[in-house]
Amino acid sequence: MIGLPSTITACLFDLDGVLTSTAVLHRQAWKQTFDDFLKRRNATDFTPFTERDYASYVDGRPRLDGVRTFLASRGIVLPEGGPGDPPDAETVHAVGNRKNELVLRIIEEQGVRPYPGSVRYLEAAERAGLAIGVVTSSANAVSVLAAAGLDRFVRSRIDGVVITRDRLRGKPAPDSFLAGARELGTEPERAAVFEDALAGVEAGRAGGFGYVVGVNRADQADALRERGADVVVDDLSELLGVSA
């Protein structure tokens, strides 16, 4: 009774915003990064980075895709640069490096807290014998899972490092979720996807997964349904004791 169809044998969870509260920290880091960049570029005509920008262009995507997509929405195209670019350079990699520096500092200062309801759900899924994997665009997944005490549940991890290494397309493409299912030895139609990002829900639907759970952390329940969520909850604990 964990709110999933009986055909489901595996669960693939996004990390930030689904299992841990770090999505808030990522939004904070992205806002500071983009606001600083936009002010330096044109202080007299500065339009700040908004919650809508985060949801539309950044949330759930690999870091560099988020940089490209948001800046393109403002009519800005930067050279790619390289991974070693200093954070104050005007390249896609440099902006991404600046954001990563900021989020690591914020995580160190504020810590990582898992959602209590998500921990209870992971425990229930484990007791039910379901295979558990994490699929996240974050390159910091190993340290975040360990800091939150959630690594003990995870049998498969597809993160930003793996996405770059294996040249997977980022969400909303389904590649990372499909890779997670393969690592668990599960067909997509027998796996459930848990996502708070619109791009992540789109990825779950595009991949032909058996069930897509939208987690409404940002007051966008209708948009999650429109993008393909089979069910939308405010917290994973709402699924406990429920049969789909």
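Residues numbered from 1 in each chain as written. Predicted model: local features only at pLDDT ≥ 70, side-chain atom pairs only at ≥ 80, totals over all residues. Heavy atoms only, no water.

(A) The arrangement of helix H3 (residues 63-73) in detail. Taken residue by residue, H3 has Gly66, Val67, Phe70 and Leu71 as its buried positions. The buried side chains of H3 occupy one side of the element, clustering within an arc of 115° when seen end-on. In the stretch just after H3, Gly75 is the one whose phi turns positive, near 75°. (Buried < 20%, exposed > 50% of the residue type's maximum accessible area, 1.4 Å probe, protein only. Helix = DSSP H or I, 4+ residues; strand = E, 2+ residues; numbered from the N terminus. Arc of directions from axis to C-beta.)

(B) View of empty space enclosed by the protein. If you walk through the whole model with that rule in mind, you get 1 cavity of 30 Å³ or more. Computed from the structure, the largest cavity encloses a volume of approximately 40 Å³. Lining the largest cavity are Thr33, Phe37, Arg40, Pro87, Val95 and Arg98. Contributing elements (two or more residues each) for the lining of the largest cavity: helix H1 (22-41) and helix H4 (92-110). (1 Å grid on protein atoms, 1.4 Å probe; cavity = no way out; pocket = protein on both sides within 12 Å on 5 of 7 lines; lining within 4 Å. Points joined across faces, edges and corners; volume = space filled by probe spheres on them.)

(C) Representation of the sheet that holds strand E6 (residues 231-233) within the structure. The strand order across the open sheet formed by 6 strands is E3-E2-E1-E4-E5-E6, and the pairing between neighbours is parallel. Each edge of the open sheet is held by one strand with a lone partner, namely strand E3 (156-158) and E6. Averaged over all neighbouring strand pairs, the angle between strand axes comes to 20°, with direction disregarded. The strands touched by helix H8 (residues 175-183) within the sheet are strand E1 (10-13), strand E2 (131-135), E3 and strand E4 (191-195), with E3 carrying the most contacts at an inclination of about 160°. (Pairing = 2+ DSSP bridges. Axes fitted to C-alpha atoms, helices over the stretch in contact; angles between N-to-C directions. Contact = heavy atoms within 4.5 Å.)

(D) Region of the structure containing the environment of Val18. Tracing the sequence through the fold places Val18 in the loop between E1 and H1. Note on Val18: relative accessible area 0%, which makes it buried. For the pair Val18 and Leu236, spaced 218 residues apart in sequence, the C-alpha to C-alpha distance is 8.1 Å. If near-sequence neighbours (up to four positions away) are discounted, Val18 is found in contact with Phe13, Tyr115, Ser118, Phe194, Glu195, Asp196, Val215, Arg217 and Leu236.

(E) Representation of the packing of H3 against H4. Contact pair H3 / H4: the axes reach a minimum separation of 9 Å and the direction vectors enclose 115°. As for the relative orientation of H3 and H4, their crossing is right-handed in sense. Contacts between H3 and H4 involve Arg63, Leu64, Val67 and Arg68 from the first element and Val92, His93, Val95, Gly96 and Asn100 from the second. Its residues assigned to classes, the contact of H3 with H4 shows 4 nonpolar, 3 polar and 2 charged. (Left-handed = near helix turned anticlockwise from the far one by under 90°. Nonpolar A, V, L, I, M, F, W, Y, C, P; charged D, E, K, R; others polar.)

(F) View of the side chain of Asp85. Turning to its location among the elements, Asp85 is positioned in the loop between H3 and H4. Arg68 provides the closest opposite charge to the buried, unpaired Asp85, separated from it by 11 Å. Among the polar contacts made by the side chain of Asp85, one reaches the side chain of Thr91 at a distance of 2.7 Å. When sequence neighbours within four positions are dropped, the list of residues in contact with Asp85 reads Glu80, Thr91, His93, Ala94 and Asn97. (Lys, Arg positive; Asp, Glu negative; His and termini not counted. Salt bridge = Lys/Arg side-chain N within 4 Å of Asp/Glu carboxyl O. Polar contact = N/O pair within 3.5 Å; in protein donor to acceptor, adjacent residues only side chain to side chain.)

Limitation: the analysis is restricted to geometry and does not speak to function.
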